[in-house]
Amino acid sequence: MALLRAFIAIIRRDLILAFRRRAEMLNPILFFIIVVTLFPLGVGAQPQLLQSIAPGIIWVSALLAAMLSLDGLFRSDFDDGSLEQLLLSPHPTSILILGKIIAHWLVTGLPLILVAPLLAEFLGMHTDALIILLKTLILGTPVLSLVGAIGVALTVGLRRGGMILSLLVLPLYVPVLIFASNAVEMASGGLPVDAQINILLAMLCLALVLAPLPASAALKMSVS
Amino acid sequence: MFLIPKPVGKFFHRMASPPYFYDFTGRLIPWLSWIFLFLVIAGLYGGLVLAPADYQQGDSFRIIYIHVPSAWMSLFVYVVMAIAGGIGLIWRIKLAEIVAISSASVGAGFTFIALVTGSLWGKPMWGTWWVWDARLTSELILLFLYLGVIGLYGAIDDKRTASRAVAILALVGVVNIPIIHYSVEWWNTLHQGPTVTKMDKPSIHISMLWPLLVMAVAFKFYYVIAMLQRARTELVVRERNSQWVKLLLESK
Amino acid sequence: MKNEHISLQVEALSCIRDDRVLFKQLSFEIKGKQVLLLEGKNGSGKTSLLRILCGFREPDSGEIYWCGNLLDNQYYAQMVYIGHRDGVKDELTVQENLLVSTALGFASQTSISQALKKVDLQGHDEVLVQSLSAGQKRRLSLARLLITDNKLWILDEPFTSLDKDGIAVVEALMTEHVNRGGMVVLTSHHDVQLHDIKPQIINLS
């Protein structure tokens, strides 16, 4: 069970690191809250209007927050040489990378879910819709981390990788955005959303299985 | 590999050698260009002159002779790019890498043309240049995917490394394209936009259809010509230190 | 696997970087109990060669064999690489860093505290790495050599930022490793003085 030990050691290490860099952890959440706050200021504060566009606002902001947080996934490991050590491990790289992605989601994705009820309240969302919103965030944000990992893995070696990262990653986020925000919208209209939730679940399974493979290939490319 | 007949295998083996590829494609391109010219003239004559005007859309439907083949090509080229990239990634064949990256800009061009012609066609139909029609939206996202590939290739200095990055990205993209396509289509049916008469009506009259197919084949030829030309340039730039390129430059 | 049978074989390796041929048709073989020292000017391809041996870089031509096989998980289970960058996390303690390194490989007989003692870092277990000096950090990353079960050490300038004592410590570690049947490939600007072991030398420039 050496592989399992390595997998857990990676998750544990990244969680300790995140905890010791607490200040950085807060950034994506603050960003998420601020962006959502900007919308009422930009489009006007009519409750009707806000309510109808709330799912879109929250999901687009979550998408952007997730993307911003991605840079931290491999950056410091790349800079201090830990990434090389990770790649030299005899264990399958994709599993170790999956560990890193899980730890990253726990410190950046999970907090988004925790503050979402507050933002839903800001935008006047109904309780039914809120429950569905939480469901979609739980299923959707891990997909964002997994797919995003491929993008950062490709760009971590670049000095000006930030802009290109958004170009690589955001188009791939489109399906999650469509199904997740649609589910919330339907739920606020009192319609059934099982189909959307199931599709999101399918996407999550697919991403869990597939995404670590190109991500590890891309990291090997990046250190060369 | 043992499923491939021997002469074909031999052909690909020889094509994998850069000097042979350069020489062979140099002789191939004029032939391809003539065929392309013949097809495109025939297709355009058939589409713009011979085909009758549409009973609903009048003459403005004729833009499909550019739009539809470009839209088909935009997807086709992406798949070719991903396959070539995958071959380059697995078997480390330099030429496959070059074919992959040379396809990207051509494919982006087709996607762009499909978008522009789609919007030109939409103006008389819908009264605006842009509607969030499922096809146009998918094409737009496809364009972003192409631009991502081109941008990533440009951002990495070492071109062999860049080729590997592009191949990985193209493979990820090709898995995602169907998902993106269907989710956009699904999104579009829910948010009922303007009711659009679909471009590829199932019952298109034969006199309208054959020029379309001819144009589609012509576009394939155009792609091969443009891609090969880019690939030849890329090849010479990458191999500028090798003996055969030096000989080539001396003989010119 | 018996130590005497391990071998690292390099055949006709070439590396081209930014239009410059760093080395061409390079072949060598080293076995257990041998040390290979790469020499050459800056930019002569020493680091590139080490990175190719690690599998980070693709050689432009040529092959590398570990015990007769192409590089596979067997190989990665038996090698350690210490590069320019220490590969340790500033925000973790010395012990936490080494625990992760052990988990990534396969643990050896040497415990973490024994390893720390050997590199003169005993008693620093709970210290955050960011409060260590550059030399101490280097010694910490060298402690990784001891805690995993390995045969091949690939060291890129292991003596950087080490003082005289530190250098002596590393040389002692290398001697011990080689006498146990291991092998070392390294680059160094310093003279390497190993007790009654004569390194093979390849000059790349």
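Before reading further, recall that the structure is shown in the block above.
Residues numbered from 1 in each chain as written. Chains lettered and ligands numbered in written order. Predicted model: local features only at pLDDT ≥ 70, side-chain atom pairs only at ≥ 80, totals over all residues. Heavy atoms only, no water.

Caption draft 1: Spatial organisation of the overall build of chain A. The number of helices and strands found in chain A is 10 helices and 0 strands. If you list the helices and strands of chain A from N to C, you get α-α-α-α-α-α-α-α-α-α. A compact globule built from 224 residues should have a C-alpha radius of gyration of about 17 Å, and chain A, at 18 Å, falls within 12% of that. Burial analysis of chain A (224 residues in total) assigns 58% to the buried set. For chain A, restricting intrachain contacts to residue pairs at least 6 apart in sequence, the fraction spanning at least 24 positions comes to 81%. Working note: accessible area of chain A is about 9000 Å², and carbon and sulfur atoms make up 71% of it. Across chain A, the 12 positively charged side chains and the 11 negatively charged ones have centroids separated by 11 Å. (Helix = DSSP H or I, 4+ residues; strand = E, 2+ residues; numbered from the N terminus. Rg over C-alpha atoms; globule rule 2.2 N^0.38 Å. Buried < 20%, exposed > 50% of the residue type's maximum accessible area, 1.4 Å probe, protein only. Contact = heavy atoms within 4.5 Å. Areas by Shrake-Rupley, 256 points an atom, 1.4 Å probe, with all protein chains shown as cover. Lys, Arg positive; Asp, Glu negative; His and termini not counted. Charge placed at Lys NZ, Arg CZ, Asp CG, Glu CD.)

Caption draft 2: Inspection of the interface of chain A and chain B at higher detail. Every contact between the two is made by 28 residues of chain A and, on the other side, 26 residues of chain B. Across the interface of chain A and chain B, roughly 2200 Å² is buried in total on both sides, 82% from carbon and sulfur atoms. Our enumeration of links across chain A and chain B arrives at 0 salt bridges. At the junction of chain A with chain B, the criterion picks out 0 residue pairs in polar contact (both at pLDDT 80 or more). For the side of chain A that touches chain B, the elements supplying multiple residues, two or more each, are helix 7 (127–155), helix 8 (161–188), helix 9 (194–210) and helix 10 (212–223) of chain A. (Buried area = accessible area lost by both parts, 1.4 Å probe. Salt bridge = Lys/Arg side-chain N within 4 Å of Asp/Glu carboxyl O. Polar contact = N/O pair within 3.5 Å; in protein donor to acceptor, adjacent residues only side chain to side chain.)

Caption draft 3: How the structure looks around helix 3 (residues 94–104) of chain C. The buried fraction of helix 3 of chain C is high, at 9 of 11 residues. Here helix 3 of chain C has its buried residues at C:V94, C:E96, C:N97, C:L98, C:V100, C:S101, C:T102, C:A103 and C:L104. For helix 3 of chain C, the secondary structure elements touched by its buried residues are helix 1 (2–20), helix 5 (82–87) and helix 6 (93–122) of chain A together with helix 4 (112–118) and helix 5 (134–147) of chain C.

Caption draft 4: Up close: the interface of chain C and chain A. Counting from both sides, the interface comprises 26 residues of chain C and, opposite them, 29 residues of chain A. For the pairing of chain C and chain A, the buried interface totals around 2400 Å² over both sides, and the portion due to carbon and sulfur atoms is 58%. Note that C:E91 and A:R21 form a salt bridge whose closest N and O atoms lie 2.9 Å from each other. On the surface where chain C and chain A come into contact, there are 13 residue pairs in polar contact (both at pLDDT 80 or more). If you list the elements that add at least two residues to the side of chain C that touches chain A, you get helix 1 (46–54), helix 2 (73–77), strand 6 (79–82) and helix 3 of chain C. No other element matches helix 3 of chain C, which puts 5 residues into the side of chain C that touches chain A. By residue class, the composition of the side of chain C that touches chain A is 13 nonpolar, 5 polar and 8 charged. (Nonpolar A, V, L, I, M, F, W, Y, C, P; charged D, E, K, R; others polar.)

Caption draft 5: Summary view of the pairing of strand 7 (residues 152–156) of chain C. Residue and element names in this part refer to chain C. By the criterion of burial, strand 7 is predominantly enclosed, with 5 of the 5 residues buried. A two-sided burial pattern is seen for strand 7, the buried positions comprising L152, I154 and D156 on one face and W153 and L155 on the other. In this structure, strand 6 lies alongside strand 7, joined through 4 bridges in parallel fashion. Paired with M79 across the strands is L152, a residue of strand 7. The pairing of strand 7 with strand 8 (residues 183–187) spans 5 bridges and is parallel. When the sheet's bridge partners are listed, I154 is paired in strand 8 with V185. Regarding the hand of the β-α-β motif, the stretch spanning strand 7, helix 6 (residues 164–179) and strand 8 is right-handed. (Pairing = 2+ DSSP bridges. Right-handed = clockwise from strand over helix to strand, strands pointing away.)

Caption draft 6: Spatial organisation of the sheet that holds strand 5 (residues 69–70) of chain C. Residue and element names in this part refer to chain C. Read across the sheet, 4 strands follow the order 2-1-4-5 without closing on themselves; strand pairing throughout is antiparallel. Looking at the sheet topology across the chains shown, the edges are occupied by strand 2 (20–31) and strand 5. With 2 bridges joining them, strand 4 (residues 61–66) and strand 5 adopt antiparallel strand pairing. Across the sheet, the residue bridging to Y65 is L70, located in strand 5. Contacts between helix 1 and the sheet are confined to strand 1 (7–17), strand 2 and strand 4, with strand 1 contributing the most and set at about 125 degrees to the helix. (Axes fitted to C-alpha atoms, helices over the stretch in contact; angles between N-to-C directions.)

Caption draft 7: How the structure looks around a negative patch on the surface. The grouping of B:D157, B:D158, C:D18 and C:D60 at the surface amounts to a negative patch. Following the sequence through the fold, C:D60 ends up in the loop between helix 1 and strand 4. (Patch = residues over 30% accessible without salt bridge, like charges linked within 9 Å, V, L, I, M, F, W, Y side chains within 5 Å.)

Caption draft 8: Representation of the packing of aromatic side chains. Applying the stated criterion across every chain yields a total of 13 aromatic pairs over all chains. Relative to B:Y222, the ring of B:F36 lies with its centre 5.6 Å away and its plane at 45 degrees, an arrangement referred to as tilted. Taken together, the residues span a long stretch of sequence, with B:F36 in helix 2 (residues 18–50) and B:Y222 in helix 7 (residues 206–238) at a distance of 186 residues. Overall, B:F36 belongs to the buried group, its relative accessible area being 17%. Measuring from centroid to centroid gives 5.2 Å for B:Y78 and B:Y146, while their planes differ by 70 degrees, and the two rings are edge-to-face. With B:Y78 in helix 3 (residues 64–91) and B:Y146 in helix 5 (residues 134–155), this residue pair connects regions lying 68 residues apart in the sequence. Here the two residues B:Y78 and B:Y146 agree in accessibility, since each one is buried. Taken together, the ring pairs connect B:F36, B:F110, B:F219 and B:Y222 into an aromatic cluster. Over the face of the ring belonging to A:F19 we find A:R22, whose NZ or CZ atom lies 4.5 Å from the ring centre. Above the plane of the ring of B:Y22 lies B:R232, whose end atom (NZ or CZ) is 4.1 Å from the centre. (Phe/Tyr/Trp six-rings, centres within 6.5 Å; stacked < 30°, edge-to-face > 60°. Lys NZ or Arg CZ within 6 Å of the ring centre and 35° of its normal.)

Caption draft 9: A look at the side chain of A:S216. Residue and element names in this part refer to chain A. Within the secondary structure, S216 sits in helix 10. On the accessibility criterion, S216 (8% relative accessible area) is buried. Those residues in contact with S216 that sit more than four places away from it in its chain are T93, S94 and I97.

Caption draft 10: Structural view of the sheet that holds strand 8 of chain C. Residue and element names in this part refer to chain C. In spatial order, the strands read 6-7-8-3-9; together these 5 strands make up an open sheet with parallel pairing. Among the strands making up the open sheet, the edge pair consists of strand 6 and strand 9 (200–203). This sheet shows a mean twist of 15 degrees between the axes of neighbouring strands, independent of strand direction. Against the sheet, helix 1 makes contact with strand 3 (35–39), strand 6, strand 7 and strand 8, and its axis sits at roughly 150 degrees relative to strand 7, the strand it touches most. Where helix 5 meets the sheet, its contacts fall on strand 6 and strand 7, and the angle it forms with strand 6 comes to roughly 175 degrees.

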